[in-house]
Amino acid sequence: MTLFKCMPYVILFLPLIGFLVLFIGRSFLSKRLAGILASSTILGAFFGTGLMAARLHDGMVSAPLFQWIQLSHFSISLGLFLDPLAILMALMITGVGFLVHLYSIGYMSNDDGFVRYFGYLNLFIFFMLLLVMSDTYLGTFLGWEGVGLCSYLLIGFWYKNHQYVYAATKAFIMNRVGDVGFILAMGLLFITFGTLKYTEIFSSLSFLQPSPLLLFVMCSFLILAVAGKSAQFPLYTWLPDAMAGPTPVSALIHAATMVTAGVYLVSRSSMLFSLSPEAGDVLVVIGVVTAIIGAVTATYQYDLKKILAYSTVSQLGFMVVALGLGSYTAALFHMLMHAFFKALLFLGAGNVIHSVDGEQDIRKMGALRKYLPVTSTYMMIGSLAIMGLPPLSGFFSKEGIVEAAMIHSKPIFGLLLFVSALTTFYMSRMIYFVFFGQPRYLTRHPHEAGITMQIPLAILAILTIVGGMLSPNHPSGIGLIATTLGIIVVFGAIGLAWARSESQHHSESTRVVSGLDAAYSRWVIAPYLFLSRVVFSKVDRQLNRSVVGAARLGEWMGSSVTRVQSGSMGLYLLLMLAAIVMVMIKIVVL
Amino acid sequence: MGSLNAYLALSAVLFSIGAVGVLIRRNAIVVLMCIEIMLNAGILALVAGGIAHGQVATQVMVLFVMMVAAAEASVGLAIITTVFRRHPEVDVDSYSTIKW
Amino acid sequence: MSLLFIVTATIAIVSALAVVLFRKPIYSILSLIICLYALGANYILMHAEFLAIVHLIVYAGAIMVLFLFVVMLMNLNHEGPVFRHRFTQLISVIIGSSLAMVIIAAISKTQSMGMPTSSVSTAQIGTVLFTDYLLPFELSTILFLASVVGVVITGKETR
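Counting restarts for each chain: residues are numbered from 1 in the order of the written sequence. Each chain takes a letter, starting from A, and each ligand takes a number, starting from 1, following the order in which they are written. Residue-level local features of this predicted model are given only where pLDDT is at least 70; pairs of side-chain atoms are given and counted only at 80 or more, and the full residue set underlies all totals for whole chains, interfaces and linings. Hydrogens and water are ignored here; the side-chain numbers use all heavy atoms of the structure.

(A) Layout of the packing of helix α8 (residues 212-229) of chain A against helix α13 (residues 277-299) of chain A. All names here are of chain A. Interaxial angles span 0 to 180 degrees and are taken between N-to-C directions of axes, which are lines fitted to C-alpha atoms, for helices over the stretch in contact. Every helix listed is a DSSP run of H or I at least four residues long, and every strand listed is a run of E at least two residues long, numbered separately from the N terminus. Packing of α8 against α13 brings their axes to within 9 Å, and their N-to-C directions diverge by 25°. As far as their axial angle goes, α13 and α8 are roughly parallel. Relative to α13, α8 is oriented so that their crossing is right-handed. Here Phe-216, Cys-219 and Ile-223 of α8 lie close against α13, whose contacting residues are Glu-278, Ala-279, Val-282, Leu-283 and Ile-286. Orientation categories follow fixed angle ranges, with anything under 35 degrees roughly parallel, anything over 145 roughly antiparallel, 65 to 115 roughly perpendicular, and all other angles oblique. We call a crossing left-handed when the near helix sits turned anticlockwise from the far one by less than a right angle, and right-handed when that turn is clockwise. Contacts are assigned to residue pairs that have any heavy atoms within 4.5 Å of one another.

(B) Region of interest: the packing of aromatic side chains. Residue and element names in this part refer to chain A. Pairing of aromatic rings covers Phe, Tyr and Trp, the last counted by its six-membered ring, and requires centre-to-centre distances within 6.5 Å; plane angles under 30 degrees mean stacked, over 60 mean edge-to-face, and any other angle means tilted. The full count for this structure, using the stated rule, is 20 aromatic pairs over all chains. Their ring planes at 45° and their centres at 6.2 Å tell us that Phe-46 and Phe-47 sit as a pair that is tilted. The cut-offs for exposure are 20% and 50% of the maximum accessible area for each residue type, with area from a 1.4 Å probe on protein chains only; residues under the lower value are buried, those over the upper are exposed, and the others partly exposed. Owing to a relative accessible area of 28%, Phe-46 belongs among the partly exposed residues under this scheme. Classification of Phe-47 by relative accessible area gives exposed; the value is 53%. Between Tyr-137 and Tyr-198, the aromatic rings sit 4.8 Å apart at their centres with planes inclined by 70°, giving edge-to-face as the arrangement. Of the two residues, Tyr-137 is situated in helix α5 (residues 137-155) and Tyr-198 in helix α7 (residues 198-208); the sequence distance between them amounts to 61 residues. Taking relative accessible area as the criterion, Tyr-137 reaches 0% and is therefore assigned buried. Judged by its relative accessible area of 2%, Tyr-198 is buried. Clustering of aromatic rings is evident, with ring pairs tying together Phe-114, Tyr-117, Phe-118, Phe-157, Trp-158 and Tyr-164.

(C) Expanded view of the pattern of salt bridges. Residues and elements named next belong to chain A. Only one rule defines a salt bridge in this text: a Lys or Arg side-chain nitrogen within 4 Å of an Asp or Glu carboxyl oxygen. Taken as a whole and judged by the stated rule, the model has 5 salt bridges over all chains. Residues Asp-241 and Lys-170 are paired through a salt bridge, measuring 2.6 Å at the closest nitrogen-oxygen approach. Separated by 71 residues along the polypeptide, Asp-241 in helix α9 (residues 238-241) and Lys-170 in helix α6 (residues 162-193) bring together distant segments of the chain. With a relative accessible area of 14%, Lys-170 lands in the buried category. Asp-179 is paired through a salt bridge with Arg-176; the nearest N and O atoms lie 3.3 Å apart. Note that Asp-179 and Arg-176 are positioned in helix α6 at a spacing of 3 residues, about one turn of the helix.

(D) Structural view of the confidence of the model for chain C. This prediction gives chain C a mean pLDDT of 88; 97% of its residues lie at or above 70. ipTM for the predicted complex: 0.89, alongside a pTM of 0.63. Note on scores: pLDDT gives the predictor's confidence for each residue, bounded by 0 and 100.

(E) Just the interface of chain C and chain A, in detail. Facing the 12 residues of chain C at the interface are 8 residues of chain A. Note on definitions: buried area is the accessible-area loss of two parts on being combined, 1.4 Å probe, summed for both. Across the chain C/chain A interface, buried area totals approximately 850 Å², and carbon plus sulfur atoms make up 85% of it. Three residues stand out in chain C for area buried against chain A, namely Ile-95, Leu-99 and Val-102 of chain C, and they jointly supply 54% of the buried area on that side. Two N or O atoms form a polar contact when they lie within 3.5 Å of each other; inside protein one atom must be a possible hydrogen donor and the other a possible acceptor, and for residues adjacent in sequence the pair counts only when both atoms belong to side chains. For the pair chain C and chain A, the interface holds 1 residue pair in polar contact (both at pLDDT 80 or more).

(F) Expanded view of a nonpolar patch on the surface. Residue and element names in this part refer to chain A. A contiguous nonpolar patch, built from Phe-66, Trp-68, Ile-69, Leu-71 and Leu-142 and spanning about 440 Å² of accessible area, is present on the exposed surface. With 3 residues, strand β1 (residues 61-70) is the single largest residue contributor to the nonpolar patch. The residue Ile-69 is located in strand β1 in this model. Residues form patches when they are more than 30% accessible in relative terms and have no salt bridge. Like charges link within 9 Å. Nonpolar side chains (Val, Leu, Ile, Met, Phe, Trp, Tyr) link within 5 Å. Every accessible area reported is derived by Shrake-Rupley at a probe size of 1.4 Å, with residue values counting cover from the shown protein chains alone.

Below you can see the structure in the form of structure tokens.
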């Protein structure tokens, strides 16, 4: 097989091999070796993807994997399919993934679970690649579940802390709720089209012509899945809690890759969504609501990572709005740019937290610009990008979405502008609290991080700055640019001033919006616990008895049979003779 | 003289009597004797068959069988006497506790 | 069916039963001797005189004497527990009788033959023994050697 033909397999399986090696050798691999191994598999996958991108341009490549289920009237096979969408996602995944691996070598260097961490990271990349490179909904679902699993493993990485494990469980369960949607959608797709392969489904759309209602239901189920995975309302509350995991994990999974799986899913199913405008409306509504909630909550967070987490929720809302409006290009472009600057922000936050010995409360930081000049520059670049300052990448991507909204629906456009204003506000607030003002931290001199932690940041910063050049279309008009600049100036100033006054007056923290969580707790969790208690006392006890009864039966049978092996010759002789007699009877009589 | 089948039937009956004796009796020496009964039943069948078919070789074989029977009986009794020295019982059921 | 055959066969069977059923070992030994004599008589009826004599000398004359010696010298004539459990007895009898019945059934399916009236002479047996079966004959000496050595060694005092 030529190198080109086997490249898809190489891309997909390198991280898996990395995981297996790290898992098997976890007790005897040195940290250095593990870090290098894990990072090189991802780098290899990245180069592979780059090669495919260069050779393919706009074409596509199919690489079959294997036949999974083969029955007489239907069969399910898994394979890989690399078209521009898949290659774009794969480049982002492996590229940002590699940078996060590199960063983690420095960040996790003092951790005992170093090898385990890199194993999980590699496994995550494998599943994410499977998600985007698969040629059927089923394969994507496998990757979907897999990244959910890895997210659980990585959020709860420091498993000795119960809170962290709770957060991981919460994330996993919410993901699972979304997965129900995915499974239902797959079921409907299979019934309607008889296959789960993307190419086959989309090509048979025109002559099968499913009813609009059916399409809407299918898309709604897919939207449920997207809500679970991409932290849309009302399934977003796991994302802020997921900050319990190591910061590089937050950068990779909860900013750049896993949460973008929903965006990928809708883009991949674009033909279905384009035939169902109602589904698009649902997406827009959900996206806007999510964007607003995220931004509003972020404005009064005091935990650095939580600010960024809510910011991610908000930006994901933006992407979903774009998808709902049908501007798949705008959504994907913003996803890519967001990956760059959000990863930059998270890794920078990692640097900051690392430098103040693990403190994450911004009220205990301040004037870090003096000690962390490089990191603060990166963070400011990232913040300006997310605010949308031209000519940074964030400008092109955000304005792409805002423009699409402007064309389609004025109210949405207004709401998105409002969210942009809030974004500017809370980001500048964050910057002020962390880097300016009076020092409020309790430790000794903060210090800049090592070089392995700075290189990825540098690369991401460069990408953030120049990413705009990749933009598929140029935002039109001075008007938009002026509006943006105006927003940034005005709300940025308000944010800085507010932050200054806040930090000087040491205001108390208001109750964080866990209203949604409280509602969940009261209406979902409590009844569920009650029900499970009832079931346990009645059903489980009976089941337990019958299971134990079965076990005792087995025990009794066993003990009666052991009496045969009593060691008494007489018994043996008797049995032997009995057997011989029976054989003879059989021969003679029958 | 009886027919061949009569001798074979006699041999079968003696054999099964011996078998029952081996399984029922508890005295080791009597068990050995019942084994001898079984052996004899076999010899009887061999002889009857050989004579009926006019083979001489069969009767020679019978000589060898008797030799083996003699050797086996003597060794068996030697073992019983040895065990008896340590554990003054000839009850085969008590032999199963000797291993402890 | 000759009367003599029936008589000797009956004596053989009854004495075999007696071996199994007597309580005292010495009675069992004596019953076994009677059984062996009955079988010897059967050999004579079959015109296998040489075998009959050899049988009587070896079995009744040597092996049973050995048994008698052991029982008498080691004073094993006491009555201990005679039979095993009732359950074992029952099963054994059932199995034993089915064994006999199966073999007899198998036999009855074959053609019977009459016994020849002429006897095989000792010279004939000797010829065959020392020509065709010379090797087993010599090997049987080793067999006896082995058993003698075994008996002596097992019989030694372990001091």
